[in-house]
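Here are the chains, one letter per residue:
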Amino acid sequence: MTKTPSSAAPCPRVGDMIQSLHWPPQPAQQSRVVALRAPPPPPPPELVVTCEPGVAQTEHRNTSGLSCGSQADEESQCSDSGFGGSPASSLGLRKLSDCSSVGLSPSSSFEEYEEEFPGNTDRKDTATRSDAEKNKNMVNWSPVVVPLKERAPWVQVVGHAGNFQTAGDGKLLKKYCASEQQCLQRLMDDVLQPFVPRYHGVTRRDEQEYNLMDDLLSFFDSPCIMDCKMGSRTYLEEELKKARKHPQPRKDMYEKMIAVDPEAPTPEEKVQQAVLKTRYMQWRETLSSTATLGFRIEGIKKSDGSCNTNFKRTKYKEEVVQALDDFVDSNVTLLRNYQQRLKELRLVLEKSHFFRTHEVVGSSLLFVHDQSGRAGVWMIDFGKTASMPPPLTLDHRSPWVEGNREDGYLWGLDNFIDLLTGMLAVHGSQDKSHTALLLVYLVCVVVLNWSTQCHHFAPECKKLQSSGMWHESGCSKPQRRNHIAGCVHMLK
Ligand SMILES: Nc1ncnc2c1ncn2[C@@H]1O[C@H](COP(=O)(O)OP(=O)(O)OP(=O)(O)O)[C@@H](O)[C@H]1O
Ligand SMILES: O=P(O)(O)O[C@@H]1[C@H](O)[C@H](O)[C@@H](OP(=O)(O)O)[C@H](OP(=O)(O)O)[C@H]1O
């Protein structure tokens, strides 16, 4: 969300991303890392108390031993684009999805890279007991923190390139964004806390400030990850107003648009070779399932290292179901775990004060599971989450009409849960028909077996014997049906 084009990394290749995110390597390996992928790793992050001017604080609280001051409740959204947003030259710099790593070759798989760094095994010692205990509070299903030596390097599935760094101790640094910081702080005191990465305050590294939070992948071993953007609207009402006041057509978005559908721009946009951000965002919503289902899949990374961010046109239920089924490898237990977790989340969202009083736009649900069958879902990305002026609240289900600020988040979640329920029902009925087929097969085998035992008593067999058509091994194929019928008749 925080866009600092000057410091934004170019669309990272997988290896580069790993290099910049996974540190610090042991000195012995460091030169190898540098030789392979410059630049060298940065120094450890320094925790700072977030009371500097310009760092908005709204609450007195103490996270990770940090105490914070208080300022006016003024939120600045992290996404500035649309009215000055990413310059055209940033095309290719911004999103990981622009350089989709679909079908990464095995040689570029994350796991393989990890093996290049035996030093990583030593770092398991740095995962302290207190960290493990903090993490324990966050997950309400399994308190296991996977030892670092077993962990694959951190992976960013989608989002702004260059926004993240790992802290190496089960924590993650995301480029500082004041409104996101406010949300994360508030969420730590809300019933939603178990569904959000634990927030540890602001930290600085290399002159850049970051929000420090739990790395949700640290609970998993070679995780499969899915990012789903929630809600029926992906831009803030505020963005719409600003775009009307100061329209700033974007060339980069025009290019992203024609890359997907050359016919999408209007004749006017074709002449300008640029589109407004809000227009681009609306087009993305209707092209995908955002407008019809209230959520869309942004990207999926599987445990084999393959990563797919090619979901811009994944719109219809059947397509979404197909992608979800592929994400869980048709594993019914995982589907059930995810359904359960989403139902729990829905119950908590309906009770949450934070949720009631915030317009939640552009936020994602991060789905993570691994081979062990553990599965978790967390809310991430609050850069475009804006508080409502009191006493206004949102129900998150009503359709959006400009001015009501409804975001369709719960409507999307309802649809998501319904899809999973439907998938489970199909798997259930498939299981039943498989069981029925298996039973029929078993009965046939038993009866056939029986038939060879009881042929002496079956009148048909006697007939066959007297006609010389009996085979020593039992009935020959053409007569088998009669034989079985005879046996069954006898049993009656
Ligand atoms: N706490 C976390 N733990 C593990 N992975 C995370 C965490 N937060 C974010 N990620 C990873 O980073 C990706 C992008 O996250 P996020 O949406 O917060 O970034 P962003 O740059 O603000 O994205 P956007 O372009 O949608 O605004 C996610 O898809 C996920 O892979
Ligand atoms: O997925 P795409 O097609 O690449 O489109 C991007 C996506 O909608 C992001 O959510 C948005 O960032 P925000 O959510 O922060 O607005 C970004 O705007 P940006 O280019 O202005 O960062 C878009 O370019």
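Above this text is the structure in question.
To keep things clear, this report deals only with the structure shown in the data block. (Residues numbered from 1 in each chain as written. Chains lettered and ligands numbered in written order. Predicted model: local features only at pLDDT ≥ 70, side-chain atom pairs only at ≥ 80, totals over all residues. Heavy atoms only, no water.)

## A short note on the pairing of strand E5 (residues 171-175)
Stated precisely, the cut-off is as follows: Per-residue accessibility, obtained with a 1.4 Å probe over protein chains only, is compared with the maximum for each type, and a residue is labelled buried under 20%, exposed over 50%, and partly exposed between these values. Every helix listed is a DSSP run of H or I at least four residues long, and every strand listed is a run of E at least two residues long, numbered separately from the N terminus. Two strands pair if DSSP finds at least two bridges between them.
Taken across its five residues, E5 has five buried, putting it largely inside the fold. Pairing of strand E4 (residues 164-166) with E5 involves three bridges; the strand directions are antiparallel. Residue Thr166 lies in a different strand from E5, and its bridge partner there is Leu172. The hairpin turn running from E4 into E5, its antiparallel successor, is four residues long, and Gly168 in that turn takes a positive phi close to 80°. Inspection of the sheet shows E5 paired to strand E7 (residues 208-214) by five bridges, in the antiparallel sense. When the sheet's bridge partners are listed, Lys171 is paired in E7 with Asp214.

## Observations concerning the packing of aromatic side chains
Going by this rule: Pairing of aromatic rings covers Phe, Tyr and Trp, the last through its six-membered ring, and needs centres within 6.5 Å; plane angles under 30 degrees mean stacked, over 60 mean edge-to-face, and all others mean tilted.
Applying the stated criterion to the full structure yields ten aromatic pairs. Note on Phe219 and Trp378: the rings are 6.2 Å apart at their centroids and 20° apart in plane angle, and the pair reads as stacked. Placement of Phe219 in the loop between E7 and strand E8 (224-230) and of Trp378 in strand E13 (residues 375-380) is noted, with a sequence separation of 159 residues between them. Residue class for Phe219 comes out buried when judged on its relative accessible area of 0%. For Trp378, a relative accessible area of 0% puts it in the buried group. Seen in terms of ring centroids, Phe367 and Phe416 are 5.2 Å apart; in terms of plane orientation they differ by 20°. Their pairing is stacked. With Phe367 in strand E12 (residues 364-369) and Phe416 in helix H15 (residues 409-454), this residue pair connects regions lying 49 residues apart in the sequence.

## Points about the pairing of E13
In the case of a regular strand, side chains alternate between the two sheet surfaces. The element E13 is largely enclosed, with a buried count of six among its six residues. Side chains of E13 alternate between two faces, with Ala375, Val377 and Met379 and Gly376, Trp378 and Ile380 buried alike. Sheet topology places E12 next to E13; six bridges connect them, and they run antiparallel. Bridge pairing links Leu366 to Trp378 in E13.

## So, a nonpolar patch on the surface
This is how the line gets drawn: Here the term patch refers to residues with relative accessible area over 30% and no salt bridge, with like charges joined within 9 Å and nonpolar side chains (Val, Leu, Ile, Met, Phe, Trp, Tyr) within 5 Å. Exposure was quantified through the Shrake-Rupley algorithm and a 1.4 Å probe, taking into account, for residues, occlusion by the shown protein chains and nothing else. What counts as a salt bridge is simple: a side-chain nitrogen of Lys or Arg found within 4 Å of a carboxyl oxygen of Asp or Glu.
Residues Leu438, Leu439, Tyr441 and Leu442 make up a contiguous nonpolar surface patch of about 430 Å² in total accessible area. Checked against the element boundaries, Leu439 lands in helix H15.

## Topic: the sheet that holds strand E10 (residues 307-308)
This is how it is decided: Between two residues, a contact is recorded if the distance between any of their heavy atoms is within 4.5 Å. Each axis is a line fitted through C-alpha atoms, and for a helix only the stretch in contact is used; angles between axes span 0 to 180 degrees, taken between their N-to-C directions.
A sheet is described by the order of its strands in space; here five strands give the open sequence E10-E9-E8-E12-E13, paired in antiparallel fashion. Taken across any chain shown, the strands that pair with only one partner, and hence form the sheet edges, are E10 and E13. Of the strands in this sheet, E8, strand E9 (295-301) and E12 touch helix H12 (residues 317-327), which is tilted by about 30° from E9.

## As for the pattern of salt bridges
Within the structure shown, the criterion is met by 21 salt bridges. The salt bridge partner of Glu180 is Lys174, with a shortest N-O separation of 3.1 Å. As far as the burial class goes, Glu180 and Lys174 line up, both buried.

## Focus: unusual backbone geometry
The omega torsion across Pro390 and Pro391 is 5°, close enough to zero to call that bond cis. Of note, Pro391 is situated in the loop between strand E14 (385-387) and H15. In this model, Ser330 sits at a positive phi of 55°, which is unusual for a non-glycine residue. Under the relative-accessibility criterion, Ser330 is labelled partly exposed at 35%. Phi at His396 is positive, roughly 65°, even though this residue is not glycine. Its relative accessible area of 1% is what places His396 among the buried residues.

## Regarding helix H10 (residues 277-287)
Most of H10 is tucked away, with eight of its eleven residues classed as buried. Taken as a whole, H10 has its buried residues at Lys277, Thr278, Tyr280, Met281, Trp283, Arg284, Glu285 and Leu287. Against helix H7 (237-245), helix H8 (251-260), helix H11 (290-293) and E9 lie the buried residues of H10.

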